[in-house]
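# Remarks on the overall topology
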Amino acid sequence: MKLAAIFLDRDGTLIEDQHYPKDPDKVKLLPNAVEGLRLLREKGYLLFVVSNQSGVGRGLISDLEFKKVHEKFCAHLSDFQCRVDGFAYCFHTPEDKCFCRKPGIELIPKTFGEHSISWEDSFTVGDKMCDLELADNLGGKGCLVLTGKGSETLSELQRKMGYNKYQIFSDLLAMAQTVPDRKIKVS
């Protein structure tokens, strides 16, 4: 049986959006993020963080600063015994026009290809249009959270009359409470 996955944005979805985060001391988990991750895990989903980090490509964040922010994020998850199955980061800028930058899907098969994933049973969760468009490109379901830049994205969707296509939630926990139980427990 194929597994279902949740592809999560990082900044604005799991941690406070610091706009090009480079100070590990400012990394803070968003309210209900841990609870949402735990519930998704209990429901049997694989959990992957997929994030555009163009600050590195722009030279605004050094490789070392990125690494320290990532390590702090992982330490916070570990403090709450919260496990993520994988991380994938794109360091390109939009001008690079790469296919790994969300909403491109090139990072997904390369990084998680060893898992047999049912795309139609999987979700992307984030606060920006690229997170929703990633779902479209994967053949999954897109979920907008109103944390981070989510309210701005909702306004953009309403102007485009395309918001009925996506599910909208206050935060990750609210999203996790609505997804079906996969009955396959991933430990």
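Basis of the calculations
- Residues numbered from 1 in each chain as written.
- Predicted model: local features only at pLDDT ≥ 70, side-chain atom pairs only at ≥ 80, totals over all residues.
- Heavy atoms only, no water.
- Helix = DSSP H or I, 4+ residues; strand = E, 2+ residues; numbered from the N terminus.
- Rg over C-alpha atoms; globule rule 2.2 N^0.38 Å.
- Core = buried A, V, L, I, M, F, W, Y, C linked by side-chain atoms within 4.5 Å.
- Buried < 20%, exposed > 50% of the residue type's maximum accessible area, 1.4 Å probe, protein only.
- Contact = heavy atoms within 4.5 Å.
- Disulfide = S-S within 2.5 Å.
- Arc of directions from axis to C-beta.
- Polar contact = N/O pair within 3.5 Å; in protein donor to acceptor, adjacent residues only side chain to side chain.
- Pairing = 2+ DSSP bridges.
- Axes fitted to C-alpha atoms, helices over the stretch in contact; angles between N-to-C directions.

The next subject is the overall build of the chain. The secondary structure content of the chain amounts to seven helices and six strands. Secondary structure of the chain in N-to-C order comes out as β-α-β-α-α-β-α-β-α-β-α-β-α. At 15 Å, the chain has a C-alpha radius of gyration in line with the 16 Å of a compact globule built from 187 residues. C-alpha extents for the chain along the principal axes are approximately 45 × 40 × 30 Å.

Attention shifts here to the nonpolar core. With 34 residues, the main nonpolar core has Ile 6, Leu 40, Phe 73 and Met 175 as its most contacted residues. Within the residue set of this core, elements represented by two or more residues are strand E1 (5–8), helix H1 (33–42), strand E2 (46–52), helix H3 (63–79), strand E4 (123–126), strand E5 (141–145) and helix H7 (172–176). If near-sequence neighbours (up to four positions away) are discounted, Met 175 is found in contact with Ile 6, Leu 40, Phe 123, Val 125, Cys 143 and Phe 169.

Turning to the state of the cysteines, a few remarks are in order. Summed over the entire model, instances satisfying the criterion amount to zero disulfides. The thiol of Cys 90 is not disulfide-bonded; the next cysteine sulfur, from Cys 100, is found 3.5 Å away. With relative accessibility at 1%, the residue Cys 90 sits in the buried group. No disulfide involves Cys 98; its sulfur sits 3.6 Å from the nearest other cysteine sulfur, which is in Cys 100.

Omega for the peptide link from Lys 102 to Pro 103 comes to 15°, which places this bond in the cis form. By the element assignment, Pro 103 lies in the loop between strand E3 (86–90) and helix H4 (107–112). One non-glycine residue, Gln 81, lies in positive phi territory at about 50°.

As a further point, take H1. Here H1 has its buried residues at Ala 33, Val 34, Gly 36, Leu 37, Leu 40 and Arg 41. Across the axial projection of H1, the buried residues extend over an arc of 160°, all falling on one side. Tucked into the core, H1 has its buried residues touching E1, E2, H3 and H7.

In this section: the environment of Arg 10. Mapping Arg 10 onto the fold places it in the loop between E1 and H1. Measuring from C-alpha to C-alpha, the distance between Arg 10 and Tyr 89 comes to 9.7 Å, with 79 residues separating the pair along the chain. In this structure Arg 10 touches Ile 15, Pro 21, Val 49, Ser 51, Gln 53, Phe 66, Val 69, His 70, Phe 73 and Tyr 89, once residues within four positions along its chain are discounted.

This part covers the side chain of Thr 147. Tracing the chain through its elements places Thr 147 in the loop between E5 and helix H6 (150–160). One polar contact links the side chain of Thr 147 to the main-chain carbonyl oxygen of Gly 12, over a distance of 2.7 Å. Excluding residues within four positions of it along the chain, Thr 147 makes contact with Gly 12, Thr 13, Leu 30, Asp 127, Ser 170 and Asp 171.

The next subject is the sheet that holds E2. Across the sheet, six strands lie side by side as E3-E2-E1-E4-E5-E6; this open sheet has parallel pairing. Of all the strands in the sheet, just E3 and strand E6 (167–169) have a single pairing partner and so form its edges. Averaged over neighbouring strand pairs, the angle between their axes works out to 20° when direction is ignored. Contacts between H3 and the sheet are confined to E2 and E3, with E3 contributing the most and set at about 155° to the helix. Relative to E4, helix H5 (residues 129–138) is tilted by about 170°, and along the sheet it contacts E1, E2, E4 and E5.

Read these as geometric descriptors, not functional statements.
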